[in-house]
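Given next are the chains, with one letter for each unit.
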Amino acid sequence: MTNRADADQPKYWVKSVGRAAEILEALASPPPGDGLSVTEIAQRCGVSKSTAFGTLQTLRAFGLVSDDGEGMSRRYRLGMGLARLGDRARSQVSLRRLAYPVLRDLSTRTGMASRVAVPEGGLAVVVDQVEVDHRVRLDLRMGERELPHCTGLGKALLSAMPEAEAAAVIERHGLPRRTGRTITDPDTFLAHLRDIARVGYALDDEEDAEGIICIGAPVRDDRGACAGAVSITGLKLGLPAWRYQELGGEVRDAAHRISRELGWPGEGADASGAPDGAAPRPAVR
């Protein structure tokens, strides 16, 4: 682990606090159930054993570190006080507030209206939006629940669920036909969700309303769970097919930006592990 005391630092860097943060990061690295000795912690953080020990005892007094064993066999682990602070931090985070500047940038980059939604009973509920062209008014359904199977937001949320859970949502809400392009076969739709999970974004290609496309991607929290979804919506008229892939990448990247603000550490190229540039196979309806 790099000692931040020797790296570029903010103007008001407090060395002892930085050291404590590095030690907590070191303690987060062992597998569940394992711990680290003072010697191991000192080596990983590039500090002396006495410095590591003093910092550990201070963190232990606040419940941020726990230990067991005696003497040379003593091992240190993260304390449950961190879980309490994590819960408090999570409760103080507003997805809507974090998402808005990302939505604004997404709309600027794509020229399309953008939205953020949260899951509720398997449906997507829009909680904020950014519009771009007031000459063309789209029904963005602010505050309304969207069908999960034919919208970019809904499909993005479903793709982030375990398949059994997504199947239960489909069974509960059905797959009503909205246009001639709506997927209405359960097996076909579940295969479509697997493609979405693979590439990290969902495409509604005139499946909810004729002439309208919507591309959505899931947002994840610090535990990797789906906290919501973001999307862009616009007119299909004149939009070349190759542009869908570019727009999908923009939406996926925006979702990842918000996810990182929520504490999600990320996984390789994207949440699904798919390489950038891969596009979902068109579903057979």
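As the structure is a prediction and not an experimental result, all values here were calculated from the model.

Overview of the overall build of the protein chain
No. 1: Each helix and strand counted, the protein chain has nine helices and eight strands in total.
No. 2: Put simply, the protein chain has 285 residues, and 44% of those count as buried.
No. 3: Across the protein chain, the fraction of contacts at a sequence separation of at least 24, relative to all contacts at a separation of at least 6, is 58%.
No. 4: Element-wise, carbon and sulfur atoms account for 52% of the exposed surface of the protein chain, whose accessible area totals about 14900 Å².

Details of the sheet that holds strand β8 (residues 226–235)
Sheets are built from strands that pair by backbone hydrogen bonding, the pairs being arranged parallel or antiparallel.
No. 1: The antiparallel open sheet is built from six strands, whose spatial order is β5-β4-β3-β8-β7-β6. At either end of the open sheet lies a strand with only one pairing partner, and these are β5 (145–146) and β6 (202–205).
No. 2: As defined by bridge partners, β6 adjoins strand β7 (residues 212–220) across four bridges and the pair is classed as antiparallel. Note on β7: the bridge partner recorded for A202 is G216.

Structural notes on helix α6 (residues 152–159)
No. 1: In terms of residue burial, α6 counts as a mostly covered element, since eight of its eight residues are buried.
No. 2: Taken together, the buried positions of α6 are occupied by G152, L153, G154, K155, A156, L157, L158 and S159.

Some words on the pattern of salt bridges
Two side chains of opposite charge can pair, provided their charged atoms sit close to one another.
No. 1: Here the structure, examined in full by the defined rule, presents 16 salt bridges.
No. 2: Residue E250 is joined to R109 by a salt bridge in which the shortest nitrogen-to-oxygen separation is 2.8 Å. Here the residue E250 occupies a position in helix α9 (residues 241–261), and R109 occupies one in helix α5 (residues 95–110), the gap between them amounting to 141 residues.
No. 3: For D195, the salt bridge is made with R198, and the minimal N-O distance between the two is 3.8 Å. With D195 and R198 both in helix α8 (residues 186–199), this residue pair falls three residues apart, about one helical turn.
No. 4: Overlapping salt bridges bring together R60, D67, E70 and R74 as one network.

Concerning the confidence of the model for the protein chain
No. 1: Here the protein chain averages 85 in pLDDT, and 84% of its residues register 70 or above.
No. 2: Across residues 268–285, confidence stays below pLDDT 50; counting only partners more than four residues off in sequence or on other chains, it has 44 contacts.

Some thoughts on the pairing of strand β1 (residues 65–68)
No. 1: In this structure, β1 lies alongside strand β2 (residues 75–78), joined through four bridges in antiparallel fashion. Looking at β2, one finds that D67 is bridged to Y76.
No. 2: Here β1 folds back onto β2, and the loop between the two strands holds six residues, one of which, G69, carries a positive phi near 90 degrees.

Description of the packing of helix α1 (residues 15–27) against helix α2 (residues 38–45)
No. 1: Packing of α1 against α2 leaves a shortest axis separation of 10 Å and a crossing angle of 115 degrees. The two elements α1 and α2 meet at a crossing, and its hand is right-handed. In this structure, α1 uses E22, I23, A26 and L27 to contact α2, whose residues at the interface are I41, R44 and C45.
No. 2: Looking at the contact of α1 with α2, its residues break down into five nonpolar, no polar and two charged.

Details of the packing of α6 against α8
A pair of packed helices is captured by two measures, namely the crossing angle of their axes and the spacing between those axes.
No. 1: Between α6 and α8, the shortest axis-to-axis distance is 9 Å and the interhelical angle comes to 85 degrees. Judged on the interaxial angle alone, α8 and α6 are roughly perpendicular. Residues K155, L158 and S159 of α6 touch α8, and the partners they reach there are F189, H192, L193, I196 and A197.
No. 2: Grouping the amino acids of the contact of α6 with α8 by side-chain chemistry returns five nonpolar, two polar and one charged.

Cut-offs and rules
Residues numbered from 1 in each chain as written. Predicted model: local features only at pLDDT ≥ 70, side-chain atom pairs only at ≥ 80, totals over all residues. Heavy atoms only, no water. Helix = DSSP H or I, 4+ residues; strand = E, 2+ residues; numbered from the N terminus. Buried < 20%, exposed > 50% of the residue type's maximum accessible area, 1.4 Å probe, protein only. Contact = heavy atoms within 4.5 Å. Areas by Shrake-Rupley, 256 points an atom, 1.4 Å probe, with all protein chains shown as cover. Pairing = 2+ DSSP bridges. Salt bridge = Lys/Arg side-chain N within 4 Å of Asp/Glu carboxyl O. pLDDT = per-residue confidence, 0-100. Axes fitted to C-alpha atoms, helices over the stretch in contact; angles between N-to-C directions. Left-handed = near helix turned anticlockwise from the far one by under 90°. Nonpolar A, V, L, I, M, F, W, Y, C, P; charged D, E, K, R; others polar. Parallel < 35°, antiparallel > 145°, perpendicular 65-115°, else oblique.

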